[in-house]
Number of protein chains: 4
Amino acid sequence: MAGNSFGQLFRITTFGESHGEAIGVIIDGCPSQLPVDLDYIQAELHKRKPGQSKITTQRKESDTVRILSGVFEGKTTGTPIMMLIPNEDQRSKDYSHNTNVFRPSHADYTYQTKYGIRDHRGGGRSSARETAARVAAGALAKLLLKSQGIEIVAHVSSVGKINAPNVEIKSAQEFIADREKNIVRCADPATAEEMIAFIDSVRKDGDTVGGKVSCHILNCPVGLGEPVFDKLHADLGKAMLSINAVHGFEFGSGFEGSEMRGSEHNDIFITSDTGVRTITNYSGGIQGGISNGMPIDFKVAFKPVATIMHNQATVDAQGNAAEISGKGRHDPCVVPRAVPIVEAMAALVLADHWLRNRNTILPQ
Amino acid sequence: MAGNSFGQLFRITTFGESHGEAIGVIIDGCPSQLPVDLDYIQAELHKRKPGQSKITTQRKESDTVRILSGVFEGKTTGTPIMMLIPNEDQRSKDYSHNTNVFRPSHADYTYQTKYGIRDHRGGGRSSARETAARVAAGALAKLLLKSQGIEIVAHVSSVGKINAPNVEIKSAQEFIADREKNIVRCADPATAEEMIAFIDSVRKDGDTVGGKVSCHILNCPVGLGEPVFDKLHADLGKAMLSINAVHGFEFGSGFEGSEMRGSEHNDIFITSDTGVRTITNYSGGIQGGISNGMPIDFKVAFKPVATIMHNQATVDAQGNAAEISGKGRHDPCVVPRAVPIVEAMAALVLADHWLRNRNTILPQ
Amino acid sequence: MAGNSFGQLFRITTFGESHGEAIGVIIDGCPSQLPVDLDYIQAELHKRKPGQSKITTQRKESDTVRILSGVFEGKTTGTPIMMLIPNEDQRSKDYSHNTNVFRPSHADYTYQTKYGIRDHRGGGRSSARETAARVAAGALAKLLLKSQGIEIVAHVSSVGKINAPNVEIKSAQEFIADREKNIVRCADPATAEEMIAFIDSVRKDGDTVGGKVSCHILNCPVGLGEPVFDKLHADLGKAMLSINAVHGFEFGSGFEGSEMRGSEHNDIFITSDTGVRTITNYSGGIQGGISNGMPIDFKVAFKPVATIMHNQATVDAQGNAAEISGKGRHDPCVVPRAVPIVEAMAALVLADHWLRNRNTILPQ
Amino acid sequence: MAGNSFGQLFRITTFGESHGEAIGVIIDGCPSQLPVDLDYIQAELHKRKPGQSKITTQRKESDTVRILSGVFEGKTTGTPIMMLIPNEDQRSKDYSHNTNVFRPSHADYTYQTKYGIRDHRGGGRSSARETAARVAAGALAKLLLKSQGIEIVAHVSSVGKINAPNVEIKSAQEFIADREKNIVRCADPATAEEMIAFIDSVRKDGDTVGGKVSCHILNCPVGLGEPVFDKLHADLGKAMLSINAVHGFEFGSGFEGSEMRGSEHNDIFITSDTGVRTITNYSGGIQGGISNGMPIDFKVAFKPVATIMHNQATVDAQGNAAEISGKGRHDPCVVPRAVPIVEAMAALVLADHWLRNRNTILPQ
């Protein structure tokens, strides 16, 4: 119950600290006979890794993943899949000045109080470095979903107060290709330029800024999601809120939907060539907690990263006033690197619910 | 894995359909020796029950709860606590016209497709009637938390585009007393009047409107929440998103926080009479997924109820175009009755994490 | 984690005390569209109920089960199934003399110490009355398994030192018919007579005696059971050991197998008309924790019931020496009524693993 | 739900195949601030490792364990603890003759049928090599229990038909010291010699033989175990039955108890210097599924190892008759190496239930 596992049937357990020897993940419950494309998994990790561009942290990690079990002759065997990612650029001395003080809006104070002990180096277990393990596991979940035709795509839809317009998604491939053309991972090129310039100016200020990631799940069959507590959007929401720095989640009409009337908001059913669908999609592809065959849409809000290059007042472990200096590496805006994390967590939720849904109706 | 249980150590499992014989809940994991105040539990249920006022549905249910096990001589015994709430006003004939058509933005279509069978009467299992079981269980969780000094209070902070100002909370008791002075359950009296008039006009239109509930957890000790997946706010988010009609969740600075800079958003630690606290509370009382001793604040967005008194186009089970007529009972705005549900789900999360946190440090 | 649930995908949660208002069970995860034969479920309960014959306890309970949710027009809907069994013959005054003393080899002392409070009436939650809920849920699991051709049959294979010879099983129906011809539920008529006479003499002594139940699972497909911890026999073992009064479990060659050599014990594979099978079945139908298509055989040892009609020395809640008098009702030998419980628990394990195994191989 | 995790609050997940790169385990839920004695953990592994003596398999593995996370400055931090054990002596060519045939009484046939694919090298995931990960995790559980005064000791109580007399346990240390004086791990020296000679003769025959391990848990407080399904002995039983080659489990009076009368079998309570205890201990230290403060006693039956040095008939993957030749390494009797595995699994169960029991009574 210590909270390091996620999922029921497609279940992952992650381990590792920012400056320990390695981080990694065990995936238990992946069906057998899934071909494992290690290059794809590695490419997903590269989208998350630090040091990709001038607008992300300069920590250097190759994030090279090794699979130690559960794959034989290129396919899953149904046994647990262990993925190991060694830590390389640990530079613990960067953090030695933080041993005894609590960094504002970090987890230092809560970890220290909860456990009575903490690995202070780079935030230890509370570091977003742990999300590399999620991306590796999520990449396998994506391979499972792709084998069933389901695609997951996300992009940066806002940075600070800069918002991208809605982008029509012709295909997952095209959307991703467009998004990867710029370092901020926004599928709208004009907005991307604006975002990059803004992040760069924030970086020069030694400051950070928040943003939002929008995610779309395409070709999801009807029926995924388990009422009443494990509604599909409830599990997606938990998944997203478990990502470092996330402060909000909405799907379909979201917060704006709370201002609407039922007569506007109801999605009218029609019959199309491809079966029953709805004219509008304020439901965000989910009704009663169960996917309805329409695209699943949700949005995730990230607060600004807490590590800034300014000096800040704080307290130390004895409760005395202290100051924390703004040195070390910093990530001016986390959302470009959060895109693969959002996709990975969505994939883990979908793979889990896809498996769970297979047992719903008794074979006659 | 069928999704009808919630919580790990303080774990509930609910059952029942809108028009079946009864609904109810088993609570497993409640510690022994907790005095059970049945009047309090019943009073909580009364806040959720239908037919309270002109602005809620007119279905008549006394929602009388019976405890069938787990309590002996007024105290919990550590064994499972079964709470049963019989259904009284079932009026299934009201729903007979919906047997074969899918109501827009309800769960009829998704349930029918997922299960190949559904209890169509009043939405069956997908009805918000199920939340009565949650309120009963949540009331017990609240008694557990109260015994430790923790209080949970919520109110309606917006209806449609009408937003209440922030209300200072002097004490949980006062806040609840103020809120209960009006039928919309908004702690700000002037806004409450405006909301009530607006809901009444929407009701006369045969329409519905959404809204938001704000919730505050007071006197929560430091240390609740389990990194990395079971962060306190991630479990709160899942709990809220599992409530019928919820489309969004945010805590602390929420969606607005994504527009801020780190230098504004960081909550600076200081030492006060009562120990370490932060000057601002953009973190919403949770850092790194763990409560930090500050008030926990979050907001929940509800879409407008799907049942409206208008005729609507739809399709039937054979995929043919059909019309659904706007008769039966309807609830113009769900948020006044959602207040005790939000509190109940928050209490279930807190009780669970309070128990989970007790095992964190090895006794020396 | 309070231990009142069993199973992962076909999951039950039981509640209720011996002398409370009712006992019952929620079954979550039963697939939809299973026809529910309520007469069959009731008939299974009748095999377990007290007062069946002169060799069982004389407590009178009709054990009439009501299904309050999850079934619509005679079929499961995929939502939780709640089964309620009211307690009728509670006669709590029979137990008032036990309020303050600990009955030898009962759970009075351990419950009191663990929880600091207990419902002493009839043993409260520790009473075998709770197994009625298991039999009801297990009957539903049997209906699920029968729909897939899997049958589970058990009988009393020994009482005290009286052992039945191995009985060839021509069909599940015939075996059960033979077994039900006598009140001790032994499929060998001659042994049954001997057992009945022996139990009756023990009963007249005011004493009790233990025995064993043998169980056979027929037509189980290959592939049920999950390595490495959830081996099929490990989950069967846990299920059996969770039944009141069980002190031992063995499958296949069991304890005797530990005295054999590998060259005798190995089950040689051959190809038969019906596919691969083994010549011998020392493996008891399970290899590496997974069913191999052969009959699954196991045996369960029950200690003698602790309630005897003799006066016994003991201590009271204050630790003072006390005496407990041998009055009330008593069950001289529990194994005839344990047969349906063993079958029910086996059915719950099999239904769960049958569901779990459906996700093993990725659909190509 | 794929079965590679064990425990609820002290929860382990193992991974790895016999001839993959490594095996290992993640432990989640270990309280913080437990000093980690790596030498002790390594010493436990040495008791299980192959190649220890002439009566065990000659595979050479140093079984050197590395801890990659969750420990900081020699103490647990409350975060997941990852233990990695590389495979060294893989010699896969030894197994190449088994690619296409099913070894009798191994898991080849069931794995191949269940998963449609298997890592055939050395039995892959079904190999007892996986138990090294359990011993490593169990050693940490033992350290946790030792910090609370609880000790677990096991020894080989029979090999084939050779049975050791009951050995009085003066202290855990002495018992273990005696047991470790001989290579068969029997605490009775005379019986040990007989056992060793017998195993050696069996080995020379190219055959194998089964045996039993007896285990004792000392100083266990009253109150561990959760009714009704997670009875302490039910979880111990599952733990033992999950070990490779185990065919039976009994506790307290066990199978013999089923032949006794209640008047003999009941354990009479008395008050002693150290509180309430029972005169006899047919209950094996557990009543109603909950520890009663007396020593917990159980026995585990192991079948003879399936790999023998004889040629055996079998079938191949196409169902054709085949022969398997008796070459490679073999372990004539598994029980000496099973002793640390039995202790490890018992420790995992006890650590889990010790944590679970801490939440039982509400702090007043």
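Residues take numbers from 1 onward in each chain, read along the sequence in its written order. Chain letters and ligand numbers both follow the written order, the letters beginning at A and the numbers at 1. Local features are withheld for residues below a pLDDT of 70 in this predicted model, meaning they are given only at 70 or higher, and side-chain atom pairs are given and counted only at 80 or more; totals for whole chains, interfaces and linings count all residues.

*Asks:* Give me the lowdown on the relation of the copies chain C and chain D, citing residues and values where you can.
*Replies:* The least-squares superposition of copies is restricted to C-alpha atoms, and to residues with a pLDDT of at least 70 in both copies. Between the two copies, chain C and chain D, the superposition gives an RMSD of 0.0 Å; the rotation angle is 180° and the shift along the axis is 0.0 Å. Read as a symmetry element, the transformation amounts to a two-fold axis. A pair of residues counts as a contact when their C-beta atoms, built from backbone coordinates, are within 7 Å of each other. Most of the interface of chain C is mirrored in chain D, where 100% of its interface residues are also at the interface.

*Asks:* An account of the packing of helix α3 (residues 131–147) of chain A against helix α9 (residues 335–357) of chain A is requested, with residue identities and associated values reported.
*Replies:* All names here are of chain A. It is at 7 Å that the axes of α3 and α9 come closest, and there the two elements cross at 50°. Taken together, the axis directions place α3 and α9 in an arrangement best described as oblique. Note that α3 runs across α9; the crossing there is left-handed. On α9, the residues touching Thr131, Arg134, Val135, Ala137, Gly138, Ala139, Ala141, Lys142, Leu144 and Leu145 of α3 are Pro340, Ile341, Glu343, Ala344, Met345, Ala347, Leu348, Leu350, Ala351 and Trp354. Classifying every residue of the contact of α3 with α9 gives 15 nonpolar, 2 polar and 3 charged. Here the axes come from fitting lines to C-alpha atoms, over the contacting stretch only for helices, and the angles between their N-to-C directions go from 0 to 180 degrees. Secondary structure is summarised from DSSP: a helix means a run of H or I of at least four residues, a strand means a run of E of at least two, and numbering begins at the N terminus for each. These descriptions rest on fixed angle ranges, namely under 35 degrees for roughly parallel, over 145 for roughly antiparallel, 65 to 115 for roughly perpendicular, and the rest for oblique. Note on convention: near helix rotated counterclockwise from far helix by under a right angle means a left-handed crossing. Clockwise means right-handed. Following the grouping adopted for this structure description, the nonpolar residues are Ala, Val, Leu, Ile, Met, Phe, Trp, Tyr, Cys and Pro, the charged ones are Asp, Glu, Lys and Arg, and the polar ones are all others, Gly among them.

*Asks:* How would you explain unusual backbone geometry if you had to name every residue and give the values?
*Replies:* Cis geometry is found at the peptide bond from proline 227 of chain A to valine 228 of chain A, where omega equals 5°. Looking at where valine 228 of chain A falls in the secondary structure, it is placed in the loop between β10 (211–218) and α6 (232–241). For asparagine 219 of chain C, which is not glycine, the phi torsion reads 65° and is therefore positive. Within the secondary structure, asparagine 219 of chain C is located in the loop between β10 (211–218) and α6 (232–241). Exposed residues have 12 or fewer other C-beta atoms within 10 Å of their own C-beta, buried residues have 20 or more, and residues in between are partly exposed; the C-beta atoms are placed from the backbone. With 14 C-beta atoms packed within 10 Å, asparagine 219 of chain C lands in the partly exposed category. Positive phi values are uncommon outside glycine, yet glutamine 33 of chain D reaches one of about 75°. By the secondary structure assignment, glutamine 33 of chain D is in the loop between β3 (22–28) and α1 (38–48).

*Asks:* Requested: an account of the environment of histidine 120 of chain D, with residues and values cited.
*Replies:* Tracing the backbone through its elements, the reader meets histidine 120 of chain D in the loop between α2 (108–115) and α3 (131–147). Along the sequence, histidine 120 of chain D and phenylalanine 251 of chain D sit 131 residues apart, while their C-alpha atoms lie 36 Å from each other.

*Asks:* I'd like to hear about helix α2 (residues 108–115) of chain B, residue by residue, with values.
*Replies:* The element α2 of chain B is extensively covered by neighbouring structure, given that 7 of its 8 residues are classed as buried. Of all the residues in α2 of chain B, the buried ones are Asp108, Tyr109, Thr110, Tyr111, Thr113, Lys114 and Tyr115 of chain B. The secondary structure elements touched by the buried residues of α2 of chain B are β12 (269–272), β13 (275–278), β14 (286–287) and β15 (290–291) of chain A. Immediately beyond the C-terminal end of α2 of chain B, within one or two residues, lies glycine 116 of chain B, with a positive phi of roughly 70°.

*Asks:* Residue-level account of the UniProt feature "binding site: FMN" (unreviewed entry) in chain A, with values.
*Replies:* Residues and elements named next belong to chain A. UniProt positions are given in the numbering used here, feature names are shortened, and annotations may be inferred rather than shown by experiment. Here the UniProt-annotated "binding site: FMN" (unreviewed entry) positions come out as Arg125, Ser126, Ser127, Asn244, Ala245, Gly288, Lys303, Pro304, Val305, Ala306, Thr307 and Arg329. Spanning 205 residues, the annotated positions stay apart in the fold, the maximum distance between their C-alpha atoms being 44.8 Å. Following the sequence through the fold, serine 126 ends up in the loop between α2 (108–115) and α3. Exposure remark for serine 126: the 25 C-beta atoms within 10 Å place this residue in the buried category.

*Asks:* So, the interface of chain A and chain B: which residues are in play, and what are the values?
*Replies:* Counting residues at the interface gives 94 residues for chain A, matched by 94 residues for chain B. Split by residue class, the side of chain A that touches chain B holds 36 nonpolar, 41 polar and 17 charged. In terms of strand pairing, strand β11 (residues 246–251) of chain A meets strand β11 (residues 246–251) of chain B through 3 bridges, oriented antiparallel. In the strand pairing of β11 of chain B, glycine 248 of chain A is matched with glutamate 250 of chain B. A pair of strands counts as paired when DSSP detects no fewer than two bridges linking them.

*Asks:* Requested: an account of the UniProt feature "binding site: NADP(+)" (unreviewed entry) in chain A, with residues and values cited.
*Replies:* Residue and element names in this part refer to chain A. Within this structure's numbering, the places UniProt gives as "binding site: NADP(+)" (unreviewed entry) are Arg48 and Lys54. Summarising the element assignment, arginine 48 is placed in helix α1 (residues 38–48). The contact partners of arginine 48, leaving out residues within four places of it in the chain, are Thr131, Ala132, Val135, Arg337, Pro340 and Ile341. On the secondary structure map, lysine 54 appears in the loop between α1 and β4 (66–69).

*Asks:* Can you break down the relation of the copies chain A and chain B residue by residue, with the values?
*Replies:* Comparison of the two chain copies shows a relationship of rotation about an axis with a shift along it. Overlay of chain A on chain B (RMSD 0.0 Å): rotation 180°, translation along the axis 0.0 Å. Most of the interface of chain A is mirrored in chain B: 100% of its interface residues are interface residues there too.

*Asks:* A description of the packing of helix α1 (residues 38–48) of chain C against helix α9 (residues 335–357) of chain C should follow, citing residues and the corresponding values.
*Replies:* Any two packed helices are characterised by how steeply their axes cross, that is the angle between the axes, and by the distance between the axes. Residue and element names in this part refer to chain C. Close contact between α1 and α9 brings their axes to 7 Å; oriented N to C, the two are set at 145°. Listed contacts from α9 to Glu44, Lys47 and Arg48 of α1 are Arg337, Val339, Pro340 and Ile341. Residues of the contact of α1 with α9, tallied by class, amount to 3 nonpolar, no polar and 4 charged.

*Asks:* Kindly report on the sheet that holds strand β7 (residues 81–86) of chain C, identifying the contributing residues and their values.
*Replies:* With respect to topology, 5 strands assemble into an open sheet ordered β1-β2-β3-β7-β4 (chain C), the strand pairing being antiparallel. Each edge of the open sheet carries a strand with a single partner, namely β1 (5–6) and β4 (66–69) of chain C.

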